[in-house]
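Now for the letters of each chain:
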Amino acid sequence: MSNNDKQEEELHFQQVCASYQQYATYHQVTEQGVTHRRERLLSSMNTVEDGEPSVASILQQTFSQEQMEKSNQKVLKSLIRNQFMLDNVLKHAGAMTSQEVLQNRNQFPRDFEVDWWASEEQISKIDSVLKSIYRDWSNEGKEERSVVYDKLLGALEKYLPSGTNDRGPPRVAVPGSGLGRLAYEIYKKGYSSQGSDFSLPMLLASDFILNGCTNRKFTISPWIHETKNVKSLEDRLRSVVVPDVDVVAAVELSNNGEQVPEFSMLAGEFLSLYSHFLPGNRCVVDDERQEGSVEKFNAVVCSFFIDTAPSFPHYLVTIYHMLARGGLFVSIGPLMWHWSGHGALLPGDLDGAKNESNVQGDFINAKHKQRTEHLDRRYLQSVDFTWEEVKALIVNCGFEILEEEIDIKTRYTSDALSMKKVDYDCVFFVARKIAP
């Protein structure tokens, strides 16, 4: 890794830690903004007849000062509980907690410039972490996750029973594993499980839950940041206890026998982590990779993952080469194609371009390049495929489809009490590598 790469990695780590550290402060300030807007409405003056309703009168009857203060205190209490868990994640990662940052900021204010504050987008990722913790590591999230995880676990047990491999537990890769619950459940079934994810906010939380949360429980309010489609303040503030299992103790307990399955999590982008399986890269293996990383997998199991690919064919070929002959590719999820919609060719890009020579690479011409060159190049390489096209790509890559099921209704980090819920009609399939 070059010095520039190391500096960028360290900067990214600091930015993610800052979003963790500032979580409660950010949401407390946004609540203050709501209070301010209500006060402005309350001071609105409009001429009405005596006894007739006005903006001020109906607000005063609905929101008393005492009621507002009580509500604000409830919100603050829930935010502090969330921040307490996030601070424990930070401590496990070797970073300063929110309170330590606050103390340093008061002592050395010049070290904290205006641009030090996390953006709305960065804080939204921490909101997503809390909702994912609810989904993966609470009793209340079990119903939602089980719809997906049970299908995947059932396929593994059906086509690759854990006790039938003479060479030891079958090796299973779980890319895009987020907070690691699916990878952990696969490990519990007797498989050597290797999860991976690209999102550092998710990885910090998963590392804490999987490795640093022995005999500890936390109470969090995962929906506190939701202000739309809410029936009551109590719905927003309701809490769950996490994690619902002690992963560290469970892993230690299972490590008391022969041919013990392994459980690990990798940090990084999928192709970067596994491109050494490709024929042209097999002779180059990063020294930092764990020993045995070139040993092929018996299965690759994906949950809500394949549509995160900038280029699904590249992911597919990599999965093919990751697998031993007869290995399984098991997946469930929608086809949202997360890299879609940016960098599209527009009619204006072609104006006056008839006699213009094409620009090499991802751009159609100079005009298209000027409009889109700020984008990550992967946006310009992304293609949205239908399920029928995805299935054909899988078969043409050297797999046979063993099972296919469509329209499996599921949700993802969905608030069961919200007035708006998103249902996915997911595709589930099991494919086996048949070519050499």
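Computed from a predicted structure; not experimentally measured. (Residues numbered from 1 in each chain as written. Predicted model: local features only at pLDDT ≥ 70, side-chain atom pairs only at ≥ 80, totals over all residues. Heavy atoms only, no water.)

S.K.: Would you explain the overall build of the chain in this entry?
M.R.: In terms of regular secondary structure, the chain is built from 16 helices and nine strands. Out of the 436 residues belonging to the chain, those deemed buried represent 43%. Approximately 24100 Å² of the chain is accessible, and the part contributed by carbon and sulfur atoms is 50%. (Helix = DSSP H or I, 4+ residues; strand = E, 2+ residues; numbered from the N terminus. Buried < 20%, exposed > 50% of the residue type's maximum accessible area, 1.4 Å probe, protein only. Areas by Shrake-Rupley, 256 points an atom, 1.4 Å probe, with all protein chains shown as cover.)

S.K.: Any chance you could explain the pairing of strand β7 (residues 323–333) here in plain terms?
M.R.: Among the eleven residues in β7, eight count as buried, and that is most of the element. Both strand β6 (residues 297–303) and β7 contribute to a ladder of six bridges, which runs parallel. In the strand pairing of β7, phenylalanine 297 is matched with leucine 323. Handedness of the crossover is the feature at issue here: the chain leaves β6, passes through helix α13 (residues 312–322), returns alongside β7, and the resulting connection is right-handed. Bridge count between β7 and strand β9 (residues 424–433): six bridges; the pairing is antiparallel. Pairing of serine 331 across the sheet is with phenylalanine 429, part of β9. (Pairing = 2+ DSSP bridges. Right-handed = clockwise from strand over helix to strand, strands pointing away.)

S.K.: Mind showing me how you'd approach unusual backbone geometry here?
M.R.: Across the chain, the bulk of peptide bonds are trans and the bulk of non-glycine residues have phi less than zero. Here the amide bond leading from valine 242 into proline 243 is cis, since omega sits at -10°, within 30 degrees of zero. Structurally, proline 243 is set in the loop between β4 (240–242) and α11 (247–254). The phi dihedral of asparagine 229 is positive, around 55°, even though this residue is not glycine. Within the fold, asparagine 229 resides in the loop between β3 (218–220) and α10 (233–237). Not every positive phi belongs to a glycine, and phenylalanine 304 is a case in point at roughly 50°.

S.K.: Can you help me understand helix α6 (residues 120–137) in this one?
M.R.: Within an α-helix, residues lying three or four positions from one another point in the same direction, as the helix has 3.6 residues per turn. Taking 1.5 Å per residue as the helical rise, α6 with its 18 residues ought to reach 26 Å, and the 25 Å between its terminal C-alpha atoms agrees with that figure. Considered for burial, the residues of α6 that qualify are Ile123, Ile126, Asp127, Val129, Leu130, Lys131, Ser132, Ile133, Tyr134, Arg135, Asp136 and Trp137. (Expected span 1.5 Å × (residues − 1).)

S.K.: Got a minute to help me understand the packing of aromatic side chains in this structure?
M.R.: Ring pairs (aromatic) are described by centroid distance and by the angle formed between their planes. Taken as a whole, this structure holds 21 aromatic pairs when the rule is applied. With a centroid separation of 5.7 Å and 50° between ring planes, the pair formed by phenylalanine 84 and phenylalanine 218 is classed as tilted. Here phenylalanine 84 is found in helix α4 (residues 65–92), whereas its partner phenylalanine 218 is found in strand β3, with 134 residues between them in sequence. By relative accessible area, phenylalanine 84 is classed as partly exposed at 46%. Judged by relative accessible area, which is 3%, phenylalanine 218 ranks as buried. Every member of this aromatic cluster is reached through a ring pair, and the members are Phe270, Tyr274, Phe277, Phe297, Phe305 and Tyr315. A cation over an aromatic ring shows up here: arginine 135 above the ring of phenylalanine 304, its NZ or CZ 6.0 Å from the ring centre. (Phe/Tyr/Trp six-rings, centres within 6.5 Å; stacked < 30°, edge-to-face > 60°. Lys NZ or Arg CZ within 6 Å of the ring centre and 35° of its normal.)

S.K.: Could you clarify how one ought to interpret helix α7 (residues 142–159) in this entry?
M.R.: The end-to-end C-alpha separation of α7 is 24 Å, in line with the 26 Å expected for 18 residues at 1.5 Å each. The largest bend in α7 is about 35°, located at valine 148. Buried residues of α7: Glu144, Arg145, Ser146, Val148, Tyr149, Leu152, Leu153, Ala155 and Leu156, and no others. (Bend = angle between axes of the 7 residues up to and from the residue.)

S.K.: Looking at this model, I keep getting lost on the sheet that holds β9. Mind explaining?
M.R.: Two modes of strand pairing occur in sheets, parallel and antiparallel, and in both the strands are linked by backbone hydrogen bonds. Taken in spatial order, the seven strands line up as β5-β2-β1-β6-β7-β9-β8 in an open sheet, and their pairing is mixed. Two strands close off the open sheet at either side, each with one partner strand: β5 (263–267) and β8 (399–410). Looking at each pair of strands side by side, their axes are set apart by 15° on average, direction ignored. Bridging between strand β2 (residues 192–197) and β5 involves five bridges; their strand directions are parallel. Residue pairing in the sheet places glutamine 194 in a bridge with serine 264 of β5. Set on the sheet, helix α9 (residues 200–211) makes contact with β2 and β5; between it and β5 the angle comes to about 160°. (Axes fitted to C-alpha atoms, helices over the stretch in contact; angles between N-to-C directions. Contact = heavy atoms within 4.5 Å.)

S.K.: Whenever I open this one, the nonpolar core confuses me. Can you help?
M.R.: One finds Tyr20, Tyr23, Met85 and Ile133 to be the most contacted residues of the largest nonpolar core, which totals 39 residues. Ranked by residues supplied to this core, first place goes to α9 with eight residues. Discounting chain neighbours no more than four positions away, the residues touching tyrosine 23 are Leu79, Asn82, Gln83, Leu86, Ile123, Ile126, Asp127, Leu130 and Ile224. Among the nonpolar cores identified, the runner-up in size contains 29 residues, and Phe312, Leu316, Met322 and Ala431 belong to it. (Core = buried A, V, L, I, M, F, W, Y, C linked by side-chain atoms within 4.5 Å.)

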